[in-house]
Amino acid sequence: MRIIAGTARGRRIFSVSKNLPVKPISDRIKQSLFDILRPRITGAIMLDLFAGTGNVSLEALSRGALKTVMVDREPACIKNIHRNLEHLGFADRAKVLRGDVLKPLDWLMPYSDNEGYDIIFMGPPYRDINNKMLSFSEPALKNVADSRLLSPNGIIVLQNHKTEAFAVPDSLEVYRVEKYGDTLVHFMRAAQKDEKDASHV
């Protein structure tokens, strides 16, 4: 794995043991994702849930994100992310936290300076160490929505397996979906009220 573009272009990203249920984002998907996110990256405050190797956040920092907050529950992932941050010189613009994304996430708001996150990326593992399919997208989305972690114009990017169905909370809406082989990437934002609804508020 390497950084694709920005100040750390071409530099290596250290991975974790293959025994962990971590599926790093492919270079193809990462390139496409950041092509889509390009107008939003510079100066953004980003939250990376199920951070794994930190690949997505590291790319964002290289491309000009102001700050990233990375959350994972695996100690080995936390240690490896710190290693990558030091290696790339991004440690002063990132916060790495151990936590369970499937539990309430209100505690993450202060790390955004209480302004909310401009981009929330979620790449939950598709399978566990026993190769059993997982369904983390729906509960993780619910926790993000319930905790109101998005900034006013913020977006959520969710990468999931094409066979994993999930409900989108009423407070969010999907406005774009990209397909890459067996992977789907959903782009979400706060649900937009139409003019009729707004007139009754």
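Residues numbered from 1 in each chain as written. Predicted model: local features only at pLDDT ≥ 70, side-chain atom pairs only at ≥ 80, totals over all residues. Heavy atoms only, no water.

*Asks:* Please give an account of the side chain of Lys30 that cites residues and values.
*Replies:* Mapping Lys30 onto the fold places it in helix H1 (residues 27-41). A distance of 2.6 Å separates a polar atom in the side chain of Lys30 from a polar atom in the side chain of Asn55. (Helix = DSSP H or I, 4+ residues; strand = E, 2+ residues; numbered from the N terminus. Polar contact = N/O pair within 3.5 Å; in protein donor to acceptor, adjacent residues only side chain to side chain.)

*Asks:* Which residues make up the pattern of salt bridges, and what are the values?
*Replies:* According to the stated counting rule, one finds eight salt bridges in the structure shown. Where Glu59 meets Arg63, a salt bridge forms, and the shortest distance between an N and an O atom there is 2.7 Å. The pair formed by Glu59 and Arg63 is uniform in burial state, with each residue classed as buried. The shortest N-O distance in the salt bridge between Arg189 and Glu173 comes to 2.8 Å. Here Glu173 lies in strand E6 (residues 172-180) and Arg189 lies in strand E7 (residues 183-190), a separation of 16 residues in the sequence. Overall, the relative accessible area of 23% leaves Glu173 in the partly exposed class. Shared partners join several salt bridges into a network, and the residues in it are Lys30, Glu59 and Arg63. (Salt bridge = Lys/Arg side-chain N within 4 Å of Asp/Glu carboxyl O. Buried < 20%, exposed > 50% of the residue type's maximum accessible area, 1.4 Å probe, protein only.)

*Asks:* Can you lay out the packing of aromatic side chains for me, pointing to particular residues and giving the numbers?
*Replies:* Under the definition given, this model contains two aromatic pairs. For the ring pair Phe50 and Phe136, a centre distance of 6.0 Å and an interplane angle of 5 degrees mean the geometry is stacked. In this pair, Phe50 sits in the loop between strand E1 (45-49) and helix H2 (55-62) while Phe136 sits in the loop between strand E4 (117-122) and helix H4 (137-147), placing the two residues 86 residues apart along the sequence. In this structure Phe50 comes out as buried when scored by relative accessible area, which is 16%. Taken together, a centroid distance of 6.3 Å and an interplanar angle of 55 degrees make the contact between Tyr175 and Phe187 tilted. With a gap of 12 residues between them, Tyr175 in strand E6 and Phe187 in strand E7 connect regions that are remote in the sequence. Residue class for Phe187 comes out buried when judged on its relative accessible area of 1%. For the cation-ring pair, Arg83 lies above Phe14, with the distance from its terminal atom to the ring centre recorded as 3.6 Å. (Phe/Tyr/Trp six-rings, centres within 6.5 Å; stacked < 30°, edge-to-face > 60°. Lys NZ or Arg CZ within 6 Å of the ring centre and 35° of its normal.)

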